[in-house]
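Reading the structure
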Amino acid sequence: MRIVMLGGPGAGKGTQAQRLSQQFQIPWLSTGDILRHEIVRQSQLGQQVQPYLEQGQLVPDELMIAFIRQRLLQPDTAQGWILDGYPRTAFQAEELDFLLDELEQRLSWAVLLEVEESILMQRSLARSRLDDEPTLIERRIQALFEQTLPMLDYYEQRGRLLRINGSLTPDQVEQQLLTRLNASL
Ligand code: AMP
């Protein structure tokens, strides 16, 4: 199973990705968590991406594409993965497909967790991560509408998009998701 999870800050991508990763016994890769961790470590990647996260902006495509490429070449991802927060732009989506072609792999589904903007804001404010501060959350939601949602056409045209109502409880969202995924196996 190879799944990309799409949705705004607070949409529940991490929660659902983690559950799917346990269910299907495949790695959960959250680009946001990895980047925040690299910033705390002050690694070279962390220093490069810090200004973007601190401003609620997307990290440049080139950096993200190179990062995902080296990550998906690791042996632990050979049997499948759940990508949480990647791709975020049409360019990243296309590049991911090129990489999968090269690896002779195929994306199973792009899962969009649909959640109203006011709920995204409420849920993000209830957390206290590096970039969960009100003005940054607003910018991240803006990036979702301007840069990420236009990418949905890409998956819709290829018949790969699963739209899930993400405003319910985590258990209900998981149920919907498993029902739709199992129906498609
Ligand atoms: P997230 O936790 O997925 O909302 O990601 C937190 C932050 O990490 C985003 O606001 C971006 O600055 C950065 N980020 C995570 N994934 C990506 C990506 N695929 N492309 C660009 N920036 C990303």
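Refer to the structure presented above.
Report on the accompanying structure. Counting from 1, residues in each chain are numbered in the order their sequence is written. Selection of residues for local features in this predicted model requires a pLDDT of at least 70, selection of side-chain atom pairs for listing and counting requires 80 or more, and totals for whole chains, interfaces and linings are taken over all residues. The basis for every side-chain value is the complete set of non-hydrogen atoms in the structure, without hydrogens or water.

1. Here's the deal with the site of the ligand
Put simply, a residue is near a molecule or strand once any heavy atom of it comes within 4 Å of that molecule or strand. Not every one of the 16 residues close to the ligand is listed here, only the nearest: T31, R36, Q57, G85 and R140. Side-chain polar atom of R88 to an oxygen atom of the ligand: 3.0 Å apart, as the coordinates give it. Exposure was quantified through the Shrake-Rupley algorithm and a 1.4 Å probe, taking into account, for residues, occlusion by the shown protein chains and nothing else. Considering the ligand on its own, with 480 Å² of exposed area, one finds that the protein chains cover 97% of that surface. We count a stretch as a helix when DSSP gives it H or I for four or more residues in a row; a strand needs E for two or more, and each element gets its number in order from the N terminus. Looking at which element gives the most residues to the shell around the ligand, the answer is helix α2 (residues 31-41), with four residues. Here the shell around the ligand is composed, by residue class, of six nonpolar, five polar and five charged. Any pair of nitrogen or oxygen atoms within 3.5 Å is treated as a polar contact; in protein, a donor-acceptor pairing is required on top of that, and neighbouring residues in sequence qualify only through side-chain atoms on both sides. When residues are sorted by character, Ala, Val, Leu, Ile, Met, Phe, Trp, Tyr, Cys and Pro go into the nonpolar class, Asp, Glu, Lys and Arg into the charged class, and all the rest, Gly among them, into the polar class.

2. Section: the side chain of Q105
With respect to the secondary-structure elements, Q105 resides in the loop between α5 (90-102) and β4 (109-114). Only protein chains enter the calculation, and the probe is 1.4 Å; a residue is then buried if its accessible area is under 20% of its type maximum, exposed if over 50%, and partly exposed in between. Q105 sits in the buried class, given a relative accessible area of 15%. In this structure the side chain of Q105 is engaged in a polar contact, spanning 3.3 Å, whose partner is the side chain of R2. In this structure Q105 touches R2, A78, W81 and L100, once residues within four positions along its chain are discounted. Contact criterion: two residues are considered in contact whenever any of their non-hydrogen atoms come within 4.5 Å of each other.

3. Description of the pairing of β4
The element β4 is extensively covered by neighbouring structure, given that five of its six residues are classed as buried. Strand pairing is assigned whenever DSSP identifies at least 2 bridges connecting the two strands. Examined bridge by bridge, strand β1 (residues 2-6) and β4 share four bridges and lie parallel to one another. Residue pairing in the sheet places V4 in a bridge with A110 of β4. Here five bridges tie β4 to strand β5 (residues 161-165), and the two strands are oriented parallel to one another. Counterpart to V111 in the pairing with β5 is L162.

4. Some remarks on the nonpolar core
Buried residues of nine kinds, namely Ala, Val, Leu, Ile, Met, Phe, Trp, Tyr and Cys, make up a nonpolar core once their side-chain atoms join them within 4.5 Å. Ranked by internal contacts, the top residues of the largest apolar core, which has 29 residues, are V4, L6, I68, L83, L96 and Y155. Looking at this core element by element, the count peaks at five residues for helix α4 (residues 61-72). Once residues lying within four places of it in the same chain are set aside, the contact partners of L6 are K13, P87, A110, V111, L112, L113, M151, L152 and Y155. Core analysis: the next-biggest nonpolar cluster, separate from the first, contains 22 residues, I3, V111, M121 and L144 among them.

5. Describing the packing of α2 against helix α3 (residues 44-54)
Where α2 meets α3, the axes come as close as 8 Å, and the angle between the chain directions of the two elements is 115°. Relative to α3, α2 is oriented roughly perpendicular. The interaxial crossing formed by α2 with α3 has left-handed handedness. In this structure, α2 uses L35, R36, E38 and I39 to contact α3, whose residues at the interface are L45, G46, V49, Q50 and L53. Angular values range over 0 to 180 degrees, each being the angle between N-to-C directions of two axes fitted as lines to C-alpha atoms, with helices fitted over their stretch in contact. Here is the rule for angles: anything less than 35 degrees is roughly parallel, anything more than 145 is roughly antiparallel, 65 through 115 is roughly perpendicular, and the remaining ranges are oblique. The handedness criterion is simple: a crossing whose near helix is rotated anticlockwise from the far helix by less than a right angle is left-handed, and one whose near helix is rotated clockwise is right-handed.

6. A short note on the pattern of salt bridges
By convention in these notes, a salt bridge is any Lys or Arg side-chain nitrogen within 4 Å of a carboxyl oxygen on Asp or Glu. Considering all chains together, one arrives at 14 salt bridges under this definition. When the shortest N-O distance is used, the salt bridge between R19 and D171 registers 2.8 Å. Of this pair, R19 sits in helix α1 (residues 13-24) while D171 is found in helix α9 (residues 170-183), placing the two residues 152 residues apart along the sequence. A salt bridge links D76 to R71; its shortest N-O distance comes to 2.7 Å. For D76, a relative accessible area of 40% gives the class partly exposed.

7. Some remarks on the packing of helix α6 (residues 117-125) against helix α7 (residues 134-148)
Remark: α6 packs on α7, axes separated minimally by 10 Å, with the N-to-C direction vectors making an angle of 140°. Between α6 and α7, the angle falls in the class oblique. Our pair here, α6 against α7, has a crossing hand that is right-handed. Judged by residue contacts, E117, L120, M121, S124 and L125 of α6 engage P134, I137, E138, I141, L144 and F145 from α7. Residues belonging to the contact of α6 with α7 are distributed by class as follows: eight nonpolar, one polar and two charged.

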